[in-house]
Amino acid sequence: MTDHNRTVCIITFGCQMNKLDSEVMRAELAGAGFGLTEEPDEADVVIYNTCSVRQHAEDKVFSHLGAWRRRAQEDENFVLGVVGCMAQRLGAELTQRFPFLKLVCGSRAFLRVPEHLRAIMRGEGPVLDIGWDGPLRFARDPRMRRSAHSAYVSIMRGCNNFCSYCIVPHVRGREVSRAPEDIAQEVRALAADGVREITLLGQNVNSYGTDAGKPGLADLLARINGVAGLKRIRFVTSHPKDVSAELLRAVAGLDKVCEHLHAPPQSGSDAVLRAMNRGYSAADYRKMVEQARRIIPGVELAGDFIVGFPGESEDDFRLTLELLREVRFQQSYIFKYSPRPGTRAALLEDDVPASVKRERHRLMLAAQERVDTERRRAMVGSVVEALVDGVSPRDPTKLTGRTRANDIVVFEGPCELAGQLVNVRLVDSTALTLFGHLAG
Ligand code: SAH
Ligand code: SF4
Ligand code: F3S
């Protein structure tokens, strides 16, 4: 059998960076002569690109892998693989638990997947590659992207922050920034291929450039802002301790950069923030928000929170709830603390009972839902700029788009508007959606 009639299905878990890695891997595989499919049952090779950030993320993959046992045992040509963060973290433990796994390839070695697959198909046995010496290449085939008009662009890999709860620095390694010219070139290629919005990706984009003495994020944004055809620029994730006035001024001054910061507070309690090794206090966070709102009129913030961190008291939790209500985030992602082996926090006793974590999680979600409802209701009557995604998946008679603040907006209009910027007058809202009519 040649590679040409081998089809590969990649199933992706985890963050945007993982989704982008899967796009890069697909391009590599296609370039190496493999076929691609979205249907795992039709594939000769099924690869899971995995996440280790919480136990739940790993458990989902374990149950998927278990479900392939029968096919793996009956069909000797079938190849099952795990790549990404779980492969990096667990390595040989994965093959011990699932002996029918033929490929385990870490988060730095994933570009070698095509060559490993060929070796497996030549009968050279299973491959375990969790080396840190893999090739670093950020660019990908511009056609391999999640949507016609939007694309992710990686500007760095890894993280140096070592927040005490977080596995990411352990499974992704240290920060490596991509050359600005390489980024600009990819953005130009994407724009030429119809992309109107790009999202620059990194675990901590504020430290872009610092590892290599390259220009920082503010300079990078200025450079990309000039790319013809491109209409919007976003970037994630910002670390609150590294959000500089220079960056805020760049966001305010560059017309394509959206007024939206994803800067996760994680907690509103200084004791918890210290134990998390976040490098700022709740007061510092509030100051950052205040400065952002002063420099960038209309800026919206998104945040992540962890509830039930070791030692989090009822009072600590109340401070977090208060911060969420006070800042009025455009969006909040709320997680229950999950100990990750090998991290510093895993040495602490996971002493907040599951039922308390659940209750705190519920209270945070309810508080955010209230903010969502009120925030969107207050926007009704105004006119917003929307980038049209296309036909609404919920209602084929409507279009859907995103505002600069990343809110979903639904309205009537011809599907030819996909990929264009339009003005929408808002007439109604729910907690998570704005509704309106095209406005001249
Ligand atoms: N680099 C990004 C994303 C990190 S992972 C950042 O710094 O924001 C995404 C989110 O998962 C984190 O912001 C945090 O809220 C959450 N998270 C990370 N480790 C976790 C853990 N052990 N338990 C629960 N949530 C966790
Ligand atoms: Fe994890 Fe902290 Fe790095 Fe984000 S900044 S990836 S939470 S260690
Ligand atoms: Fe998960 Fe790895 Fe991303 S641990 S959050 S897939 S960097």
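Everything numeric here is computed off the predicted structure, so don't read it as measured data.

With respect to the overall build of the protein chain
Thinking step 1. Scanning the protein chain from N- to C-terminus turns up 14 helices and 19 strands.
Thinking step 2. Here the C-alpha radius of gyration of the protein chain, 22 Å, is about what a compact globule of 440 residues would show, namely 22 Å.
Thinking step 3. C-alpha atoms of the protein chain, sized along the principal axes, occupy 65 × 55 × 45 Å.
Thinking step 4. A sequence separation of at least 24 residues applies to 72% of the contacts in the protein chain between residues at least 6 apart.

What about a negative patch on the surface?
Thinking step 1. Residues Glu38, Glu39, Asp41 and Glu42 make up a contiguous surface patch of negative charge.
Thinking step 2. Using a relative accessible area of 57% as the deciding quantity, one classes Glu42 as exposed.

Concerning the packing of aromatic side chains
Thinking step 1. Per the counting criterion, the structure on display carries nine aromatic pairs.
Thinking step 2. With a centroid separation of 6.4 Å and an interplanar angle of 35 degrees, the aromatic rings of Tyr285 and Phe329 are classed as tilted. With Tyr285 in helix H12 (residues 282–295) and Phe329 in the loop between helix H13 (314–327) and strand S14 (331–336), this residue pair connects regions lying 44 residues apart in the sequence.
Thinking step 3. Taking 5.3 Å as the distance between ring centres and 65 degrees as the angle between the ring planes, the aromatic pair formed by Phe309 and Tyr337 counts as edge-to-face. Separated by 28 residues along the polypeptide, Phe309 in the loop between strand S13 (300–307) and H13 and Tyr337 in the loop between S14 and helix H14 (354–379) bring together distant segments of the chain. Neither residue differs from the other here; Phe309 and Tyr337 are each classed as buried.
Thinking step 4. Members of the aromatic cluster, connected to one another through ring pairs, are Tyr280, Tyr285, Phe305 and Phe329.
Thinking step 5. Geometry around Phe335 places Arg54 over its ring, the cationic atom sitting 3.7 Å from the centre.
Thinking step 6. A cation sits over an aromatic face here: Arg97 above Phe62, 3.8 Å from the ring centre.

Section: helix H6 (residues 113–121)
It helps to recall that an α-helix has 3.6 residues per turn; residues three or four apart then point in one direction.
Thinking step 1. Those residues of H6 lying buried are Val113, Pro114, His116, Leu117, Ala119 and Ile120.
Thinking step 2. Considering only its buried residues, H6 is in contact with strand S1 (7–12), helix H1 (16–31), strand S3 (45–50), strand S4 (79–84), strand S5 (103–105) and strand S6 (127–129).
Thinking step 3. Directly beyond the C-terminal end of H6, a positive phi value near 85 degrees is found at Gly123.

Focus: the pattern of salt bridges
Thinking step 1. Enumeration over the complete set of coordinates arrives at 35 salt bridges.
Thinking step 2. In this structure, the salt-bridge partner of Arg172 is Asp21, at a minimum N-O distance of 3.1 Å. Highlighted residues: Arg172 in helix H7 (residues 168–172) and Asp21 in helix H1, separated in sequence by 151 residues. Summarising the burial analysis for this pair, Arg172 and Asp21 share the class buried.

Brief notes about the site of ligand 2
Thinking step 1. Taken together, the neighbourhood of ligand 2 is formed by Cys159, Asn161, Phe162, Cys163, Tyr165, Cys166, Val168, Pro169, Gln203, His239 and Arg278.
Thinking step 2. Taken together, the residues of the shell around ligand 2 break down into seven nonpolar, three polar and one charged.

Quick word on the nonpolar core
Thinking step 1. Counting residues in each nonpolar core, the largest one holds 54 residues, and the members touching the most others are Ile198, Leu200, Leu217, Ile224, Phe235 and Tyr285.
Thinking step 2. It is H12 that contributes the most residues to this core, six residues altogether.
Thinking step 3. Ignoring anything within four residues of it in the chain, the contact list for Leu217 reads Ile155, Leu200, Val205, Asn206, Tyr208, Phe235 and Leu247.
Thinking step 4. In this structure, Val46, Val61, Ala72 and Leu80 belong to the second largest nonpolar core, which totals 24 residues.

Digging into the site of ligand 1
Thinking step 1. Around ligand 1 sit 14 residues in total, of which Tyr165, Gln203, Gln266, Asp304 and Ser338 are the nearest.
Thinking step 2. Gln203 is positioned with one of its side-chain polar atoms (N or O) 2.6 Å from a nitrogen atom of ligand 1.
Thinking step 3. Gln266 places a side-chain nitrogen or oxygen 2.7 Å from an oxygen atom of ligand 1.
Thinking step 4. Its free accessible area being 530 Å², ligand 1 has 89% of it covered by the protein chains.
Thinking step 5. Elements that contribute at least two residues to the shell around ligand 1 include exactly S13 and S14.
Thinking step 6. In terms of residue class, the shell around ligand 1 is made up of six nonpolar, four polar and four charged.

Notes on the sheet that holds S13
Thinking step 1. The parallel open sheet is built from three strands, whose spatial order is S12-S13-S14. At either end of the open sheet lies a strand with only one pairing partner, and these are strand S12 (260–262) and S14. Along the sheet, successive strands turn relative to each other by an average axial angle of 10 degrees, direction set aside.
Thinking step 2. One ladder, built from six bridges, connects S13 with S14; its direction is parallel. Paired with Ile306 across the bridge in S14 is Phe335.
Thinking step 3. Against the sheet, H13 contacts S13 and S14, and its axis sits at roughly 165 degrees relative to S13.

Reading the values: rules and limits
Residues numbered from 1 in each chain as written. Chains lettered and ligands numbered in written order. Predicted model: local features only at pLDDT ≥ 70, side-chain atom pairs only at ≥ 80, totals over all residues. Heavy atoms only, no water. Helix = DSSP H or I, 4+ residues; strand = E, 2+ residues; numbered from the N terminus. Rg over C-alpha atoms; globule rule 2.2 N^0.38 Å. Contact = heavy atoms within 4.5 Å. Patch = residues over 30% accessible without salt bridge, like charges linked within 9 Å, V, L, I, M, F, W, Y side chains within 5 Å. Areas by Shrake-Rupley, 256 points an atom, 1.4 Å probe, with all protein chains shown as cover. Salt bridge = Lys/Arg side-chain N within 4 Å of Asp/Glu carboxyl O. Lys, Arg positive; Asp, Glu negative; His and termini not counted. Charge placed at Lys NZ, Arg CZ, Asp CG, Glu CD. Buried < 20%, exposed > 50% of the residue type's maximum accessible area, 1.4 Å probe, protein only. Phe/Tyr/Trp six-rings, centres within 6.5 Å; stacked < 30°, edge-to-face > 60°. Lys NZ or Arg CZ within 6 Å of the ring centre and 35° of its normal. Near = heavy atom within 4 Å. Nonpolar A, V, L, I, M, F, W, Y, C, P; charged D, E, K, R; others polar. Core = buried A, V, L, I, M, F, W, Y, C linked by side-chain atoms within 4.5 Å. Polar contact = N/O pair within 3.5 Å; in protein donor to acceptor, adjacent residues only side chain to side chain. Pairing = 2+ DSSP bridges. Axes fitted to C-alpha atoms, helices over the stretch in contact; angles between N-to-C directions.

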